[in-house]
Amino acid sequence: MEFIRFITHYGMHFLVPGIIAYLFFKQNWKKVWVIFILTMFVDLDHLIATPIFDPERCSINYHPLHSYTAIGVYFILLIPSKTRIIAIGLLFHMLTDYLDCYWI
């Protein structure tokens, strides 16, 4: 079961964003996919937690960049077209982490 959780979590972090980029941003899908992957830097907030990684901890509303307030900001970032792709990447990241909380 742990292996399935691992594959699902990281597949949703790396493969599914590529599929989303390809389906919705066909002309620039590689660039969009890279931007989606770069939104993974939101996980830098894990470095201030003790322990840094805890497989039994839900990231949502525990880490500052995974807080409900931050998620609200990510929704606001959907409005300007210049930040929309970043916002989509961040929100999909939050969705992935949220779904991972159900595995715990």
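Scroll up to find the structure this text is about.
On to the nonpolar core. Core analysis: the largest hydrophobic core is formed by nine residues, namely Val 42, Ile 60, Ala 70, Ile 71, Tyr 74, Leu 90, Leu 91, Met 94 and Cys 101. In terms of residue count, helix H4 (residues 84-101) provides more of this core than any other element does, four residues in total. Residues within four places of Val 42 in sequence aside, it is in contact with Leu 65, His 66, Tyr 74, Leu 90, His 93 and Met 94.

A word on the packing of aromatic side chains. Tallied over the full model, the rule gives five aromatic pairs. When the centroid spacing of 6.4 Å and the interplanar angle of 80 degrees are considered together, the rings of Phe 25 and Phe 36 count as edge-to-face. Of the two residues, Phe 25 sits in the loop between helix H1 (2-24) and helix H2 (29-38) while Phe 36 sits in helix H2, which places them eleven residues apart along the sequence. Classification of Phe 25 by relative accessible area gives partly exposed; the value is 24%. Ring geometry for Trp 29 against Trp 33: centres 5.9 Å apart, planes inclined by 25 degrees, an arrangement best described as stacked. Of this pair, Trp 29 and Trp 33 both sit in helix H2, four residues apart, which is roughly one turn of the helix. Look at Trp 29 and you get partly exposed, because its relative accessible area is 24%.

About the thresholds
Residues numbered from 1 in each chain as written. Predicted model: local features only at pLDDT ≥ 70, side-chain atom pairs only at ≥ 80, totals over all residues. Heavy atoms only, no water. Core = buried A, V, L, I, M, F, W, Y, C linked by side-chain atoms within 4.5 Å. Buried < 20%, exposed > 50% of the residue type's maximum accessible area, 1.4 Å probe, protein only. Helix = DSSP H or I, 4+ residues; strand = E, 2+ residues; numbered from the N terminus. Contact = heavy atoms within 4.5 Å. Phe/Tyr/Trp six-rings, centres within 6.5 Å; stacked < 30°, edge-to-face > 60°.

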